[in-house]
Amino acid sequence: MLAAAPILGSEAIVESTQQASSKISCFEDLRGRVLAVPSSTVQDIYVEEHYPDIKLDRFDTEADMMLSLQQEKCDGAIMDDVICYALVRKTQGVTILPDSPVPPCQMGVVFGKHNQELCNQFNAFIRQLKASGELQTIMERWIKHFDTAEMPNLPLPTQGEPIRVAMEPCTEPIVFIKNEKIAGFDAELIQRFSVYINRPVEIVEMEYDSLIASTTTGKADMAASGILITDERAESVLFSEPYYDSHSRVAVLTKNAHPSIVSGNEGEQNLGIWGTVVRSFYRNIIEERRYMLLWDGLKVTLHISFFSALLGTILGACICYLRMSKNRVLSNIAKVYIDIMRGTPILVLLMMMCYVAFTKFDNTPVAIITFAMNFAAYVSEMFRTSISSIDKGQTEAGIALGFTPVRTFCYIVLPQAIRRVLPVYKGELISLIKNTSIVGYVAVADLTRASYIIRGRTFDPFFPLLMVALMYFLIAWLFTYVLDRIGNKVC
Amino acid sequence: MIQIKHLQKKFGNLEVLRDVNLNIKCGEVISIIGPSGTGKSTFLRCLNLLEQPTGGSIVIDGEEVLNGRVNVSKLRQKMGMVFQSFNLFNHLSVLENVCIGPMKLLGKSREEAESKARELLKMVGMAEKASAMPDELSGGQKQRAAIARCLSMDPEIILFDEPTSALDPTMVSEVLSVIRALARQGMTMAIVTHEMSFARDVSTRVVYMDEGIIYEIGTSEEIFEHPKRERTRVFVNRIRDFHFAFHSPDYDRFLLKSEWQAYCNKYFLTRESMRKAQLIGNALFRMMPLDKGTLDFYFRYSEHTREMSMEVLLPIGASPVNVEGNTVIHELCSKVECNHEADRVKYRLCMRHKNR
């Protein structure tokens, strides 16, 4: 695969034999190569332990692993069989290896330790499904016919206290977004459970990494997204009875696979560059009204950006006031605040705010406050330097003319300070807008998250990322444009 | 109009103003002169409370302003101030600089404020530059605009804090003539300045400040022509001292020579003056009792009148010497005085002026 093109005939023979022998026909052939794994999963741990000579590349989503495979950054991608089948069917030129050394694992639903009662109810529900054979039907429907499978039309309960279920809707066919609605076998199980115990369900979308934690912090009552049962996890949370035995499967590129394991000829008609672009655009943006996902994400990003900028500026002005205060204590409080905020990664701060400090609150306002706090630390220093860069004579002249100190500040110092701070403030604002893309980590469905969801379905990185980049650019442009207009008015 | 009594200002342990007493009457033009660092500017800034005095009293129109019950901002509106560094509002045009006070503080309409502003700008010769921004102006133009801004509030008194010190020599006169015009119109003013001839011309009274007090006060003539006190005299005549102490007949000739040379270079003494001074000096030192103790020698040069004189303080207990009898001294000095200071004999020799 990485071999250089042969130049001489004799070498060509050597090359080809080498290539033939380097074709992958089973898991053992991956030794000495690069394997993509979903990070900190059973596959990750098992392969690392038993195959130290396989280099592991860890990813957050299976879609990313598949992309890496297609770009030949890795030689194989190991994942749960249900996901693997769905992915391979959507991706050209990929073949599944017949074997996998990773022992099967069981999928379960996660509950917080305090939620034993709900867990018992769910177990009873699963036992009933298993006994009636319904579970088998549901699984087969989603795994074998996932592209045609639909969610059942159940009479969902609306009364009563809702159960909050944490899910990451980026994995087909477990949980994913189809026609702007949640679908997949986990989603169906949850809906059926909702009917079973006659309580409505409230889906809380979040990153896979946050799912399990959310049940212990109380952000959600239960979590389901094809979560595998491990001893380590079982120490901190409750697992339901397993409802599916997941086997691992490895996907490799067909061109690297030994011919004996490649089934059938999956040639695809060549659409040409333009045709590919149009098809990709249609699949990523138009199909299943995916632009609505982007639109909703855009609204969330705008909402968060606007309010954190507004709140952060006001807070920044207050911090600046404290920082410039003659009172040593106040000034030091502000200084410490600024140092802490600037010295902490915003992502860590955000997680701490959502999962430690304000677990009982909705994540969007908490995220707004977090960004505002961070933004305030930076802009307060900008305000301070620009205010103190204004010559003291200006203040003196204003006061000598008969203005009170406050009015002198408003009429004389502030307009000049604003003019000076505006260029750097704009830069900081843009960086705030871009920083908001991390809210996906705390389950806020913003623009970046929307692109994740789309990529989770289409495995095509180009258009979702392009559209999102374009939208961030437009938001940044819009904000600075408005700021310029305001700036021109003020000074 | 303004009575200042026992005004005191300390910065930490540094006592800048010790005890300042002054009455300013309506229509007076008071110049405040004095060496650097003697609190002239601080005094002016205390008057409109830009600096809070640490003691004493300021009574304006019968009202005590240091008791904290006065509306200081209102007070300042009646008391304009012109700064050394102009301090025009950089974000406003010249016209807006002159308008902002009347509009925001006196509640005048824009039209009213602008027509008044244009009038004032015309008066200071800045009407053409009404729409210019401060950074497009020369120093002199900035200061004239600042004066117009000050006048826009119809002040009862204007405080000038070294209005020409930051200007190029070529621009000093344009600002001074504006201030002169104001003086002619009867505006009450207090001017801290280093322009001695200007202070002499324009003032009704001149204040010489030194050592944190008003050291001497009087009319221009009193201060500049007949100063009563030594420091005032030294200052207005810009007298420069050269001092050397002889401790024994084996004094360090080379040190004396190099210090004298440096002194002459610093104050641009002519070769002729130097030569004469050296001749007198040599004659003097030769007849002095250098072995009797410390002898102090002073050479005084007034940059203002160009007069040169020497003073010799004989050692304690040393008897007088016949200085007048020396032919060189007789030839080169117009006057030789002898008197006693404490228990030391003092000779004062005035050198003949070149032109006489």
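The structure displayed is predicted, hence computed values, not measured ones.

Conventions adopted
- Residues numbered from 1 in each chain as written.
- Chains lettered and ligands numbered in written order.
- Predicted model: local features only at pLDDT ≥ 70, side-chain atom pairs only at ≥ 80, totals over all residues.
- Heavy atoms only, no water.
- Helix = DSSP H or I, 4+ residues; strand = E, 2+ residues; numbered from the N terminus.
- Buried < 20%, exposed > 50% of the residue type's maximum accessible area, 1.4 Å probe, protein only.
- Contact = heavy atoms within 4.5 Å.
- Rg over C-alpha atoms; globule rule 2.2 N^0.38 Å.
- Lys, Arg positive; Asp, Glu negative; His and termini not counted.
- Charge placed at Lys NZ, Arg CZ, Asp CG, Glu CD.
- Buried area = accessible area lost by both parts, 1.4 Å probe.
- Salt bridge = Lys/Arg side-chain N within 4 Å of Asp/Glu carboxyl O.
- Patch = residues over 30% accessible without salt bridge, like charges linked within 9 Å, V, L, I, M, F, W, Y side chains within 5 Å.
- Areas by Shrake-Rupley, 256 points an atom, 1.4 Å probe, with all protein chains shown as cover.
- Axes fitted to C-alpha atoms, helices over the stretch in contact; angles between N-to-C directions.
- Left-handed = near helix turned anticlockwise from the far one by under 90°.
- Nonpolar A, V, L, I, M, F, W, Y, C, P; charged D, E, K, R; others polar.
- Pairing = 2+ DSSP bridges.
- Core = buried A, V, L, I, M, F, W, Y, C linked by side-chain atoms within 4.5 Å.

Trainee: Please explain the overall build of chain A as it appears in this structure.
Mentor: When its secondary structure is counted, chain A shows 18 helices and 15 strands. With the C-alpha coordinates aligned to their principal axes, the bounding extent of chain A is approximately 95 × 70 × 40 Å. For chain A, the residues scored as buried account for 51% of the 491 residues in total. Look at the contacts in chain A between residues 6 or more apart in sequence, and 76% of them connect residues 24 or more apart.

Trainee: Sorry if this is basic, but what is going on with the overall build of chain B here?
Mentor: A count of helical and extended segments in chain B gives twelve helices and 15 strands. The C-alpha atoms of chain B give 26 Å as radius of gyration, which overshoots the globular expectation for 356 residues (21 Å, by more than 25%). Projected onto the principal axes, the alpha-carbon positions of chain B cover approximately 80 × 45 × 35 Å. Counting every position in chain B, which comprises 356 residues, the buried fraction comes to 53%. A sequence separation of at least 24 residues applies to 64% of the contacts in chain B between residues at least 6 apart. Distance between charge centroids for chain B: 1 Å, based on 48 positive and 45 negative side chains.

Trainee: Can you walk me through the interface of chain A and chain B in this structure?
Mentor: Quite often, the size of an interface is put as the accessible area lost when its parts meet. Contacts between the two partners involve 18 residues from chain A and, on the opposite side, 20 residues from chain B. Buried area between chain A and chain B, summed over both chains or domains, comes out near 1700 Å², and the portion from carbon and sulfur atoms is 61%. When the buried area of chain A at its contact with chain B is split by residue, A:Glu396, A:Ala400 and A:Leu401 rank highest and sum to 32% of it. Seen at the junction of chain A and chain B, the total is one salt bridge. As a salt-bridge pair, B:Arg45 and A:Glu396 come within 2.5 Å of each other at their nearest N and O atoms. For the side of chain A that touches chain B, the secondary structure elements donating two or more residues are α15 (392-401) and α16 (405-435) of chain A.

Trainee: When you look at a nonpolar patch on the surface in this model, what are you seeing that I'm missing?
Mentor: Residue and element names in this part refer to chain A. Taken together, Leu470, Phe473, Leu474, Trp477, Leu478, Tyr481, Val482, Ile486 and Val490 make up a surface patch of nonpolar side chains, about 870 Å² in accessible area. Position of valine 490 relative to the elements: it lies in helix α18 (residues 462-490). By relative accessible area, which is 45% here, valine 490 ends up partly exposed.

Trainee: Mind showing me how you'd approach the packing of helix α11 (residues 291-323) of chain A against α18(A) here?
Mentor: Describing two packed helices takes the angle between their axes plus the distance from one axis to the other. Residues and elements named next belong to chain A. Following both chains from N to C, one finds α11 and α18 inclined at 35°, their axes separated by 11 Å at the closest point. Between α11 and α18 lies a crossing whose hand is right-handed. Contact residues: α11 offers Leu294, Leu298, Thr301, Leu302, Ser305 and Phe306, while α18 offers Met467, Val468, Met471, Tyr472, Ile475 and Phe479. Among the residues making up the contact of α11 with α18, the classes are represented as ten nonpolar, two polar and no charged.

Trainee: Whenever I open this one, unusual backbone geometry confuses me. Can you help?
Mentor: Both trends apply: most residues other than glycine have a negative phi, and most peptide bonds are in trans. Looking along the chain, the bond that leaves A:Glu172 and enters A:Pro173 is cis, with omega of 0°. Located in the positive-phi region is B:Asn87, a residue other than glycine, with phi close to 55°. By the secondary structure assignment, B:Asn87 is in the loop between β6 (79-82) and α3 (94-105). A positive phi angle is found at B:Arg238, which is not glycine, with a value near 50°. With respect to the helices, strands and loops of the structure, B:Arg238 is situated in the loop between α9 (230-236) and β11 (239-246).

Trainee: Would you explain the sheet that holds β11(B) in this entry?
Mentor: Backbone hydrogen bonds hold the strands of a sheet together, and the pairing may be parallel or antiparallel. Residues and elements named next belong to chain B. The strand order across the open sheet formed by five strands is β11-β12-β13-β15-β14, and the pairing between neighbours is antiparallel. Each edge of the sheet is formed by a strand with only one pairing partner; in this case those strands are β11 and β14 (333-341). The average undirected angle you get between the axes of adjacent strands in this sheet is 15°. Here six bridges tie strand β12 (residues 295-302) to strand β13 (residues 308-313), and the two strands are oriented antiparallel to one another. When the bridges of β13 are listed, arginine 300 appears paired with serine 309. Sheet strands in contact with helix α10 (residues 253-266) are β11 and β12, and its direction is about 180° off that of β11.

Trainee: Honestly, the nonpolar core in this entry has me stumped. Any pointers?
Mentor: Taken as a class, soluble globular proteins show a tendency for nonpolar side chains to be buried jointly. Residues and elements named next belong to chain A. Within the largest apolar cluster, 72 residues are counted, with the highest numbers of intra-cluster contacts made by Phe27, Leu35, Val47, Phe185, Met222 and Tyr243. In this structure, tyrosine 243 is in contact with Met107, Gly108, Val109, Ile126, Lys130, Leu135, Met139, Phe185, Asp186, Leu189 and Gly226, ignoring residues within four places of it in sequence. Counting residues in each nonpolar core, the second largest holds 57 residues, with Ile346, Ile390, Val413 and Leu429 among its members.

Trainee: I keep staring at the side chain of B:Ser93 and nothing clicks. Help me out?
Mentor: Turning to its location among the elements, B:Ser93 is positioned in the loop between β6 and α3. Judged by its relative accessible area of 10%, B:Ser93 falls in the buried class.

Trainee: Even after reading the chapter, I still don't get α15(A), so can you show me in this structure?
Mentor: For an α-helix, 3.6 residues make a turn, and residues three or four places apart therefore share a direction. When you tally the buried positions in α15(A), you get eight out of ten residues, the bulk of the element. For α15(A), the set of buried residues is A:Gly393, A:Gln394, A:Glu396, A:Ala397, A:Gly398, A:Ile399, A:Ala400 and A:Leu401. Against α16 of chain A together with α1 (40-47), α2 (72-77), β6, α3 and α5 (139-151) of chain B lie the buried residues of α15(A). Looking one or two residues beyond α15(A), the residue adopting positive phi is A:Gly402, at roughly 120°.

Trainee: Looking at this structure, how should I read the sheet that holds strand β8 (residues 170-171) of chain A?
Mentor: Residue and element names in this part refer to chain A. Ordered by their spatial adjacency, three strands build an open sheet running β8-β9-β10, and the pairing between neighbours is antiparallel. Single-partner strands in this sheet number two, and they are β8 and β10 (181-183). As judged from the two bridges shared by β8 and strand β9 (residues 175-178), these two strands associate in the antiparallel manner. In the sheet register, threonine 171 faces β9, and the bridge partner there is valine 175.

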